[in-house]
Structure formats: structure tokens, C-alpha cells
Amino acid sequence: NAGVTQTPKFRVLKTGQSMTLLCAQDMNHEYMYWYRQDPGMGLRLIHYSVGEGTTAKGEVPDGYNVSRLKKQNFLLGLESAAPSQTSVYFCASRRVGEAFFGQGTRLTVV
Amino acid sequence: GIQVEQSPPDLILQEGANSTLRCNFSDSVNNLQWFHQNPWGQLINLFYIPSGTKQNGRLSATTVATERYSLLYISSSQTTDSGVYFCAVPHGGSQGNLIFGKGTKLSVKP
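Residues numbered from 1 in each chain as written. Chains lettered and ligands numbered in written order. Predicted model: local features only at pLDDT ≥ 70, side-chain atom pairs only at ≥ 80, totals over all residues. Heavy atoms only, no water.

Let's shift gears to the overall build of chain B. Secondary structure summary: chain B contains zero helices and eleven strands in total. Along its sequence from the N terminus, chain B presents helices and strands in the succession β-β-β-β-β-β-β-β-β-β-β. The C-alpha radius of gyration of chain B comes to 13 Å, within 12% of the 13 Å expected for a compact globule of 110 residues. Its C-alpha atoms give chain B principal-axis dimensions of roughly 45 × 25 × 20 Å. Of the contacts made within chain B by residues no fewer than 6 positions apart, 54% connect residues no fewer than 24 positions apart. Surface summary for chain B: the accessible area is close to 5300 Å², and the carbon and sulfur share equals 47%. Of the charged side chains in chain B, 7 are positive and 6 negative, and the gap between their average positions amounts to 3 Å. (Helix = DSSP H or I, 4+ residues; strand = E, 2+ residues; numbered from the N terminus. Rg over C-alpha atoms; globule rule 2.2 N^0.38 Å. Contact = heavy atoms within 4.5 Å. Areas by Shrake-Rupley, 256 points an atom, 1.4 Å probe, with all protein chains shown as cover. Lys, Arg positive; Asp, Glu negative; His and termini not counted. Charge placed at Lys NZ, Arg CZ, Asp CG, Glu CD.)

Below, the structure is given as C-alpha cells:
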């Protein structure tokens, strides 16, 4: 039982490049979330999903897209990376109650 | 939306000392979580505590939902307790994401 797994753990992108972050959970959770963490800001919600095939915007969605084609996977895409998207990204999942987080992806955009 | 405030923002302890971290929230909630973010950036679940008191080894937590606060107690602190402690409460809407405080940064000196 791996819990919540994020891929990759680290990535450096050039401005304008695209990439996809993968989140996979094996707990059969309905809800999945993408957060970003910036120094002194805590964690802020980017996008979320309440079930397979559904997605919605969170607090800071601009510049990101998401997809939830399978219940266990939640993908976060950056179509044209910008330096302002340098951050640590966390995925989380829950059913009812307690949320569990992945180990994070450290992304640097140069 | 709901506001989450943590205090103190920074705390320096000598190994073996005890400490109390506080989390205040601005509206009624039906659950609350405490996390430890270790120096490697991982978010570790400490407690899922909607109300009452729970204990896990040297750590314990108390939530008084009617008065809108929660306390995290760390006894006999160790250097491995260093890191940032976050509390988080659920958003009031249907998406169920967590709203995080800005954290308490704990440094335990040997």
C-alpha cells in the first residue's frame, strides 16, 4: 500500500516548456487535490477533483490544467512554464475525513 | 472564507524541553488535521482530530471545536522534531480541500 505517489520528485524546466506531474493513489479515494507551496505562504489549492472525470478550479488555477481520467490518477499540466511557477507541488487524496499527501515535486523554472 | 492562524510562527527549543503550538480558526469545522513537514519537505500526518484529545507517543493534540482552537503538545523534544508544523481545516464548500495555516517553524537544538 503505497498511499499517494507523485512523479517526478524534481524537475527543472526552461521558460515556455511544458510538463505533466502525475499523482497516483491506491486508497480508492474519491477526492484528489493539487496544491503548491511557496515560502511563507503555506499550501494553496490549484485544482481539485471530486471523482473520476470531474475537475474544478481552486484558489490559484491560472497557468495549470488537470485531468482525472482514472479514479486513481490526477494529472497536473503546465502548458507554458513561467518562473512564477517555481514551487513545490503536493498532491493529496481523501474519501471522507483524513487527507493524505504525496512526497512533493520540486519544480524550478529558469 | 475560513481563516487559520498558527502561533508562534517560530520556536527554538533545547532538546528535552516541552512546547505547545496553537491553531485558531475563524469558523466552526467538522475536522482538523495536524501535519509535520520535515526538513526534507515531506508532509507527515500527525493527528486527525475533529474534537477531544489524542495522543501518539510524545505528541498529543486537543481540539476544542466550540471555542475554535486546537493545541499540539510536544514533550521531551528531540532534534528529529525540527521542521514546520501545520494545522489545516476543511473548506466549508463541497470540494473538501484543506485550508492551511502558515505553520510554526520548530528548531530543536542538541
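All right, on to the interface of chain A and chain B then. Taken together, the 18 residues of chain A in the interface contact 17 residues of chain B. Of all residues in chain A, A:L43, A:E98 and A:F101 bury the most surface against chain B, accounting for 30% of the area lost on that side. Run the count over chain A and chain B and you get zero salt bridges. Of all elements in the fold, only β4 (31-38), β5 (42-49), β9 (87-94) and β10 (100-101) of chain A reach the threshold of two or more residues within the side of chain A that touches chain B. Classifying every residue of the side of chain A that touches chain B gives eleven nonpolar, five polar and two charged. (Buried area = accessible area lost by both parts, 1.4 Å probe. Salt bridge = Lys/Arg side-chain N within 4 Å of Asp/Glu carboxyl O. Nonpolar A, V, L, I, M, F, W, Y, C, P; charged D, E, K, R; others polar.)

All names here are of chain A. In space, the four strands of this open sheet follow the order β1-β3-β8-β7, with antiparallel pairing throughout. Lying at the two open borders of the sheet, with one neighbouring strand each, are β1 (4-7) and β7 (65-67). Between one strand and the next, the sheet's axes are offset by a mean angle of 20°, whatever the strand orientation. The pairing of strand β3 (residues 19-25) with strand β8 (residues 73-78) spans six bridges and is classified as antiparallel. (Pairing = 2+ DSSP bridges. Axes fitted to C-alpha atoms, helices over the stretch in contact; angles between N-to-C directions.)

Moving on, we come to the sheet that holds strand β7 (residues 59-64) of chain B. All names here are of chain B. Strands sit in the order β1-β3-β8-β7-β6 across an open sheet of five strands; the sheet is antiparallel. With partners counted over all chains shown, the strands left at the sheet margins are β1 (4-7) and β6 (52-56), one partner each. In this sheet, adjacent strand axes meet at a mean angle of 15° when their direction is disregarded. With five bridges joining them, β6 and β7 adopt antiparallel strand pairing. Across the sheet, the residue bridging to N56 is L59, located in β7.

Moving on: the state of the cysteines. All names here are of chain A. In the structure shown here, the tally under the stated rule is two disulfides over all chains. Linked covalently through their sulfurs, C23 and C91 form a disulfide whose S-S length is 1.8 Å. Sign of the S-S torsion, about -75° for the bond between C23 and C91, identifies this disulfide as left-handed. Residue C23 is located in strand β3, and its partner C91 is located in strand β9; the two are separated by 68 residues in the primary sequence. (Disulfide = S-S within 2.5 Å.)

Residue and element names in this part refer to chain A. Within this structure, the stated rule accounts for four salt bridges over all chains. E30 serves as the salt-bridge partner of K71, at 2.7 Å between the closest nitrogen and oxygen. With K71 in the loop between β7 and β8 and E30 in the loop between β3 and β4, the pair connects residues that are 41 residues apart, well separated along the chain. K71 sits in the buried class, given a relative accessible area of 19%. Notably, a salt bridge pairs R44 with D38, separated by 2.8 Å at the nearest N-O pair. For the pair R44 and D38, a shared accessibility class is recorded, and that class is buried. Through salt bridges with shared partners, a single network forms among R36, D38 and R44. (Buried < 20%, exposed > 50% of the residue type's maximum accessible area, 1.4 Å probe, protein only.)

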